[in-house]
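Given next are the chains, with one letter for each unit.
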Amino acid sequence: MKGSEKILELMKANRLITIAELAENLAMSTRTIEKQIAKLKEDHRIERIGADKGGYWEVLDTTED
């Protein structure tokens, strides 16, 4: 899951990063980013703190087997 690792790195660097900014940085569609984020949430690797607007990303775990 190379794309998700890049997403985690960008979230660690900027906890306020938006899906649109992630998509632009990684040259992916926003839908692809949304799917990756859903998987990361499901795997308990990230968590959204606060509202969609005004909240931030919390990276819980950056290691993968």
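Bear in mind that the values here come from a model prediction, so they are computed numbers and not experimental data.

Novice: When you look at unusual backbone geometry in this model, what are you seeing that I'm missing?
Specialist: Note: most residues except glycine have negative phi, and most peptide bonds are trans. For Ala 27, which is not glycine, the phi dihedral falls at a positive 55 degrees. Relative to the assigned elements, Ala 27 resides in the loop between α2 (19–26) and α3 (30–42). Although it is not a glycine, His 44 sits at a positive phi angle of roughly 60 degrees. For His 44, the location among the structural elements is in the loop between α3 and β1 (46–49).

Novice: Please explain the packing of aromatic side chains as it appears in this structure.
Specialist: Centre distance and the angle of the planes are the two values used to describe a pair of aromatic rings. Taken as a whole, this structure holds 0 aromatic pairs when the rule is applied. The aromatic ring of Trp 57 is capped on one face by Arg 48, whose charged end is 4.7 Å from the ring centroid.

Novice: What am I meant to see in the packing of helix α1 (residues 2–13) against α2 here?
Specialist: Between two packed helices, both the angle of their axes relative to each other and the distance between the axes serve to describe the pair. α2 packs onto α1 with a crossing angle of 120 degrees between their chain directions and a minimal axis gap of 11 Å. By the angle between their axes, α1 is oblique relative to α2. Classified by chirality, the crossing of α2 by α1 is right-handed. On the side of α1, the interface is formed by Gly 3, Lys 6, Ile 7, Leu 10 and Met 11, while α2 contributes Leu 22, Asn 25 and Leu 26. When grouped by side-chain class, the residues that make up the contact of α1 with α2 number 5 nonpolar, 2 polar and 1 charged.

Novice: Just to check I follow, could you spell out the pairing of β1 for this structure?
Specialist: Consecutive residues of a regular strand have side chains that alternate between opposite faces of the sheet. Pairing analysis gives 4 bridges linking β1 to strand β2 (residues 56–59), with the strands arranged antiparallel. Pairing of Glu 47 across the sheet is with Glu 58, part of β2.

Novice: Is there a simple way to explain the side chain of Ser 4 in this structure?
Specialist: Checked against the element boundaries, Ser 4 lands in helix α1. Exposure remark for Ser 4: the relative accessible area of 1% places this residue in the buried category. With sequence-adjacent residues up to four places away left out, Ser 4 is seen in contact with Gln 36 and Leu 40.

Novice: What should I look at first to understand the pairing of β2 in this one?
Specialist: What you see with β2 is a clean split: Trp 57 and Val 59 sit on the buried side and Tyr 56 and Glu 58 on the side with no burial. The hairpin formed by β1 and β2 contains 6 residues between the paired strands, and Gly 50 there has a positive phi angle of roughly 90 degrees.

Novice: Could you clarify how one ought to interpret the nonpolar core in this entry?
Specialist: Core analysis: the biggest nonpolar cluster contains 13 residues, and Ile 7, Met 11, Leu 22, Ile 33, Ile 37, Ile 46 and Trp 57 have the highest contact counts within it. Mapped onto this core, the elements with two or more residues apiece are α1, α2, α3 and β2. Setting aside chain neighbours within four positions, we find Ile 46 in contact with Leu 8, Met 11, Ile 37, Leu 40, Lys 41, Trp 57, Glu 58, Val 59 and Leu 60.

How each quantity is defined
- Residues numbered from 1 in each chain as written.
- Predicted model: local features only at pLDDT ≥ 70, side-chain atom pairs only at ≥ 80, totals over all residues.
- Heavy atoms only, no water.
- Helix = DSSP H or I, 4+ residues; strand = E, 2+ residues; numbered from the N terminus.
- Phe/Tyr/Trp six-rings, centres within 6.5 Å; stacked < 30°, edge-to-face > 60°.
- Lys NZ or Arg CZ within 6 Å of the ring centre and 35° of its normal.
- Axes fitted to C-alpha atoms, helices over the stretch in contact; angles between N-to-C directions.
- Parallel < 35°, antiparallel > 145°, perpendicular 65-115°, else oblique.
- Left-handed = near helix turned anticlockwise from the far one by under 90°.
- Contact = heavy atoms within 4.5 Å.
- Nonpolar A, V, L, I, M, F, W, Y, C, P; charged D, E, K, R; others polar.
- Pairing = 2+ DSSP bridges.
- Buried < 20%, exposed > 50% of the residue type's maximum accessible area, 1.4 Å probe, protein only.
- Core = buried A, V, L, I, M, F, W, Y, C linked by side-chain atoms within 4.5 Å.

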